[in-house]
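Overview (structure and organization)
Chain residues, written in single-letter form:
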Amino acid sequence: MPTFYLNPRASHAPYPPELQHILNIGAAAESRAWLKHWDRINMQGTPLRELPGLAARLGMKNIVIKDESLRSQVGSFKALGAPIALVRLLLRLMPEKRLNIDALFMGSYRELLQDITVISATDGNHGRALAAAAQSVGCPCVIVLHGGVSSERENAIADYGAKIIRIGGNYDESVEEAARLASENRWYVVSDTSYEGYEDIPRDVMQGYAIIGAEVIEQCLCRQETPAFSHVILQGGVGGFAAGVASFLWQYHGKHRPQLIVVEPREADCLYQSGIAGQPAKATGAVDSLMAGLACGECSPLAWKILQPCIDAFLVIEDEAAVRAMQVLAAGRDQDIPIIAGESGAAGLAGLQTLLADEQLKKKARLDHNAHVLLINTEGATSPSIYHQLVGENALSVKVRQDCWQNRRVK
Ligand SMILES: Cc1ncc(COP(=O)(O)O)c(C=O)c1O
């Protein structure tokens, strides 16, 4: 039984000035300009793919997916957050050095930074992005992993030279352990989630994610009063991704903003619970999900400040729905492009399918035949063997079909 909550606190007024102090379009533009200097990222913009075959099957006007699996070699949108937070941290730590961002990403300050160790807990993707960014600039990096993170994801992080520490608990416990190790060793936590007294860095991470919103608006040539989408479905872990993208769209479109829906795994429903409580709340489940990136038991209080007033509805989905969505995207039926979406990446489509399978929810979410839906594929096959097992085809083979599809288009 799907669980859906229409948020009575959602506002369609213009973006409030008090939220501009947290996230704003100007800072997103600055982050975007800086990231252009990082050679591990695709700053041409990730593709926005129309899926007309799927839209026709689901009875929607249009379904479009922004493919963040192609953002960078780290395989997910997280490559937009950690490097920006790291840069802003270093700028704050040594303002007198007047660090040049281009030189920083090229590793020219390696000697200066060799004693600045950064640390974070991760479900996989944030840690991988932080490790890659730290390696580029020359900071030592320590990543804390909980028991649910696959060894493939661990190896992918270690490949960027990070030291790995494994703990037995879940994601939230790994966040606590990272904070403890940092204070013991005088390391710097670069976390994607906020907690009391720790907000600057998670804010910078979210600001990096807002770049996705900026690209969408440019790619659709959207005018402020006419958004290209009626609905945007956003995955929720601690809430930083949803807050970063939603804040940009809200600030740009103001009272014309699209409906914003957050989707989470059944066992890690902290944003859904926060929606009901009207304040940050803990998940009620076991904080365990195939959607590893979304398996978070506590929302980021800073992200919640943005989400509470703008998310129109919270939806909880089952793991099986994500698996079906991965398969649908990989198949590319009815002339649609095949897309490689990992377990968390496919959750947006899983949410849409869950809503459409229930007439009442479909109505509540105002998903009719005029709906233009934006989904974001937040990761590719970040754990290739899990992807193969769940989709029944390996990611390389899907990529070959994707390339064939594109070559046919070019001819
Ligand atoms: C692939 C993927 N999608 C979505 C999310 C959710 O992001 P957040 O935790 O900022 O809500 C994550 C988080 O790790 C992720 O890895």
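Under an unreviewed UniProt entry, the name given to the chain is Diaminopropionate ammonia-lyase, and the organism recorded is Desulfopila aestuarii DSM 18488. UniProt's Cofactor (unreviewed entry) comment on the chain is quoted here verbatim: "pyridoxal 5'-phosphate".

In terms of helices and strands, the chain carries 19 helices and eleven strands. Along the longest, intermediate and shortest principal axes, the C-alpha atoms of the chain span 60 × 45 × 40 Å. Across the 411 residues that make up the chain, the buried fraction comes to 61%. Accessible surface, the chain: about 16,000 Å² in total, of which carbon and sulfur atoms supply 49%.

Before going further, it helps to spend a moment on the sheet that holds strand β4 (residues 118-122). The four strands are arranged β6-β5-β4-β7 in an open sheet whose pairing can be described as parallel. Two strands lie at the open edges of the sheet, namely β6 (163-166) and β7 (188-189), each paired on one side alone. Looking at chain direction, strand β5 (residues 141-145) and β6 are connected through four bridges and run parallel. Across the sheet, Val142 pairs through a bridge with Lys163, a residue of β6. Lying over the sheet, helix α9 (residues 171-185) contacts β4, β5, β6 and β7, oriented at roughly 165° with respect to β4.

What follows is about the environment of Gly351. Secondary-structure assignment places Gly351 in helix α16 (residues 347-356). Beyond its immediate stretch of four places on either side in the chain, Gly351 contacts Val263, Leu315 and Ile317.

Moving on, we come to the side chain of Lys78. With respect to the helices, strands and loops of the structure, Lys78 is situated in the loop between β3 (62-67) and α4 (82-93). Within the structure, the side chain of Lys78 is placed 3.1 Å from the side chain of Tyr209, a separation counted as a polar contact.

Here we come to the domain arrangement of the chain. Here the chain is partitioned into domain 1 (3-76 + 205-410) and domain 2 (82-191). Distance between the C-alpha centres of domain 1 and domain 2: 25 Å. Domain 1 puts 28 residues into the contact, and the matching count from domain 2 is 26 residues. Summed over both partners, the interface of domain 1 with domain 2 comes to about 2,500 Å²; 53% of that surface belongs to carbon and sulfur atoms. For the pair domain 1 and domain 2, the number of links is three salt bridges. With its nearest N and O atoms 3.4 Å apart, the salt bridge here joins Glu343 to Arg153.

Glancing now at the site of the ligand. Around the ligand, the structure places 15 residues, and the nearest of them are Asn125, Gly237, Gly239, Phe241 and Thr378. Taking Gly293, its main chain carries an N or O atom lying 3.2 Å from an oxygen atom of the ligand. Thr378 places a side-chain nitrogen or oxygen 2.8 Å from a nitrogen atom of the ligand. In isolation the ligand offers 390 Å² of accessible surface; the protein chains occlude 98% of this area. Taking a 2 Å distance to the grid points as the criterion, the majority of the atoms of the ligand fall inside the largest cavity.

Let us now look at the side chain of Ser72. The topology assignment puts Ser72 in the loop between β3 and α4. Relative accessible area serves as the criterion here: at 12%, Ser72 is assigned to the buried category. At 2.9 Å, the side chain of Ser72 and the backbone nitrogen of Val74 are in polar contact. For Ser72, the contacting residues outside a window of four places in its chain are Arg40, Ile41 and Ala79.

As a further point, take the pattern of salt bridges. Applying the stated criterion to the full structure yields 23 salt bridges. Glu30 is paired through a salt bridge with Arg88; the nearest N and O atoms lie 2.9 Å apart. With Glu30 in helix α2 (residues 25-35) and Arg88 in helix α4, this residue pair connects regions lying 58 residues apart in the sequence. For Arg223, the salt bridge identified is with Glu225, shortest N-O distance 3.2 Å.

Procedures and definitions
- Residues numbered from 1 in each chain as written.
- Predicted model: local features only at pLDDT ≥ 70, side-chain atom pairs only at ≥ 80, totals over all residues.
- Heavy atoms only, no water.
- UniProt positions renumbered as here; feature names shortened; annotations may be inferred.
- Helix = DSSP H or I, 4+ residues; strand = E, 2+ residues; numbered from the N terminus.
- Buried < 20%, exposed > 50% of the residue type's maximum accessible area, 1.4 Å probe, protein only.
- Areas by Shrake-Rupley, 256 points an atom, 1.4 Å probe, with all protein chains shown as cover.
- Pairing = 2+ DSSP bridges.
- Contact = heavy atoms within 4.5 Å.
- Axes fitted to C-alpha atoms, helices over the stretch in contact; angles between N-to-C directions.
- Polar contact = N/O pair within 3.5 Å; in protein donor to acceptor, adjacent residues only side chain to side chain.
- Domains from an automatic or database assignment.
- Buried area = accessible area lost by both parts, 1.4 Å probe.
- Salt bridge = Lys/Arg side-chain N within 4 Å of Asp/Glu carboxyl O.
- Near = heavy atom within 4 Å.
- 1 Å grid on protein atoms, 1.4 Å probe; cavity = no way out; pocket = protein on both sides within 12 Å on 5 of 7 lines; lining within 4 Å.
- Sits in = over half its atoms within 2 Å of the grid points.

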